[in-house]
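What the coordinates show
Chain residues, written in single-letter form:
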Amino acid sequence: MKVNLITLGCSKNTVDTENIAGHLRDAGHLVYFERDKNDCDIVIINTCGFIGDAKEESVNMLLQQINDKTNFQRRHNKDGRSRLLIALGCLVERYRDELVNEMPEIDAWYGVHEWEAIVADTLRWTDQSASCQKPFTAARKLSTPKHYAYLKIAEGCNRSCSYCAIPLIRGKHQSRPIDELVNEAQQLVAQGVKEIIVIAQDTTYYGVDIYGHRALGQLLDRLATESGAQWIRLHYTYPTSFPIDAIDAIRRHDNICNYIDIPLQHINSRILKSMQRGIDREGTLNLLRTFREKLPNVSIRTTLIVGYPGETEEEFEELKQFVSEAQFDRMGCFAYSPEEGTPAEPLGDPIPEDEKQRRVSELMAIQEKISLAKNEQRVGRDFRVLVDRAEGDYYIGRTEFDSPEVDDEVIIASHHTLTIGEFYQVRITQALENDLYADIIE
């Protein structure tokens, strides 16, 4: 049968979808990701329920797929074909009862930890074996370009950030053993993956539950020396009790990218305390200083939240000043979104939406100037890039300082025929706020 898998939300959802896809592929089904053509027998939607916009996107996708199912079955009424429509993931975990009542057209619902059940039930519905024939993480079909993949090292989160519903959805932090992760990374490299992106809800907490200590540095050492990956990239770190040995591992190994993704959310100590982040302004500044002392060439990516309940104009100005001084290489900014059941819910949502958006715009305007200045410093310099794709008359690649889909790209003139998924040396010729132009070095 033809199966279409649709993923919404973060890269952690992407990994879950890829594991489901691998088992269905191994069972003989034709598996597609985000297929445009309305011709599949089974459609599986992995939803996101993180913030308001993500929930709205997920609901709209479910409604669209219900409409597509109706059209599909109307078109195939005479030949008796029907479509199985399955929803899973974070939105379902939080609002299953309401969704079941509102969308009876969807045939099955699964929460965030029911991947194996999805595979088993789908195989049973298609008159096949109802059991997975191999470990769940050993049958992955990548939805990313074949040269990079995400490696999810843990599930859940033990943090209690006041604005975040993830612990309510995904439960407590559960690390995966190092040997298992190294083995999966080796399998990915054997399939042609060159860049492994390490992810979890909180990668810096890795190992505490199974080893009794933070073991991210140890994991990075093993991945760097045993996986065969040419690039290893670290995402979703957390500032509180940051394991500095992870920074030492980045410094030791040439194949670990000089890149740290660390959502800081704010700089004002009162706001950080209300957010239950476990760190204050001074601790944040000291951590950033440590990063840059140990890794002078590091690229730091962060995200910030504006419009948190009670954020004053003075506290927002402090945040603006912080961004100006911190000189982040990459930055994202979100308007606060109240979530049911979180510690911040009783605080309400007193800051108007238009005021939140004004603050987002002001903060991003500061960051755009910083990004342009940093990019201009790279003009005339040579970099190693990984080519992700071709677009029109150009190839699109990235340096080690940029992660796929969220960071800057290098636009390479196609005077030469390049191979997607290969590394090349380029010289930067022009800089924009969010992109670099380059020529191949002959």
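Described in the following lines is the structure provided in the data block. Note that the structure is predicted; figures quoted are calculated from it, not measured.

When you go through the chain residue by residue, the secondary structure sums to 13 helices and 18 strands. Against the 2.2 N^0.38 benchmark of 22 Å for 442 residues, the chain shows a C-alpha radius of gyration of 23 Å, consistent with a compact globule. Reported as C-alpha extents along the three principal axes, the dimensions of the chain are approximately 65 × 60 × 45 Å. Looking at the chain as a whole, 55% of its 442 residues qualify as buried. A separation of at least 24 residues holds for 73% of the contacts in the chain among residues at least 6 apart in sequence. Of the roughly 18700 Å² that the chain leaves accessible, carbon and sulfur atoms contribute 47%. Computing the positive centroid from 51 side-chain charges and the negative centroid from 71, the chain places the two 3 Å apart.

Glancing now at the environment of Gly192. Examined against the element boundaries, Gly192 turns out to sit in the loop between helix 6 (178-190) and strand 9 (195-199). Along the backbone, Gly192 and Leu295 are 103 residues apart, and their C-alpha atoms lie at a distance of 29 Å. Not counting the four nearest positions on each side in its chain, Gly192 is found in contact with Lys146 and His147.

At a closest axis distance of 12 Å, the pairing of helix 2 (residues 52-75) and helix 3 (residues 90-102) adopts a crossing angle of 55 degrees. Here helix 2 lies oblique to helix 3, going by the angle between them. Here helix 2 runs over helix 3; the crossing is right-handed. Touching Lys55, Ser58, Val59 and Leu62 of helix 2 are Leu91, Arg94, Tyr95 and Leu99, all from helix 3. The class makeup of the residues in the contact of helix 2 with helix 3 is 5 nonpolar, 1 polar and 2 charged.

Right, let's talk about the packing of aromatic side chains for a bit. Per the stated rule, a full pass over the model turns up 8 aromatic pairs. Here the aromatic rings of Tyr394 and Tyr437 are separated by 6.2 Å at their centres, their planes lie at 75 degrees, and the arrangement is edge-to-face. Here Tyr394, found in strand 15 (residues 394-398), pairs with Tyr437, found in strand 18 (residues 435-440); they are 43 residues apart in sequence, far enough to count as distant. In this structure Tyr394 comes out as partly exposed when scored by relative accessible area, which is 37%. A relative accessible area of 24% means that Tyr437 is categorised as partly exposed. Positioned above the aromatic ring of Tyr236 is the side chain of Lys12, whose terminal nitrogen or guanidinium carbon lies 3.9 Å from the ring centre. Lying over the aromatic face of Tyr32, Arg35 brings its terminal NZ or CZ to 4.1 Å of the ring centre.

Turning our eyes to something else, we now look at the pairing of strand 18. Burial of strand 18 is one-sided: the residues Leu436, Ala438 and Ile440 facing one way are buried, the residues Asp435, Tyr437 and Asp439 facing the other way are not. Alignment of strand 16 (residues 409-413) against strand 18, held across 4 bridges, turns out to be parallel. Of the residues in strand 18, the one forming a bridge with Ile412 is Ala438. Of the pairings in the sheet, the one linking strand 17 (residues 423-431) to strand 18 comprises 5 bridges and is antiparallel in character.

Cut-offs applied
- Residues numbered from 1 in each chain as written.
- Predicted model: local features only at pLDDT ≥ 70, side-chain atom pairs only at ≥ 80, totals over all residues.
- Heavy atoms only, no water.
- Helix = DSSP H or I, 4+ residues; strand = E, 2+ residues; numbered from the N terminus.
- Rg over C-alpha atoms; globule rule 2.2 N^0.38 Å.
- Buried < 20%, exposed > 50% of the residue type's maximum accessible area, 1.4 Å probe, protein only.
- Contact = heavy atoms within 4.5 Å.
- Areas by Shrake-Rupley, 256 points an atom, 1.4 Å probe, with all protein chains shown as cover.
- Lys, Arg positive; Asp, Glu negative; His and termini not counted.
- Charge placed at Lys NZ, Arg CZ, Asp CG, Glu CD.
- Axes fitted to C-alpha atoms, helices over the stretch in contact; angles between N-to-C directions.
- Parallel < 35°, antiparallel > 145°, perpendicular 65-115°, else oblique.
- Left-handed = near helix turned anticlockwise from the far one by under 90°.
- Nonpolar A, V, L, I, M, F, W, Y, C, P; charged D, E, K, R; others polar.
- Phe/Tyr/Trp six-rings, centres within 6.5 Å; stacked < 30°, edge-to-face > 60°.
- Lys NZ or Arg CZ within 6 Å of the ring centre and 35° of its normal.
- Pairing = 2+ DSSP bridges.

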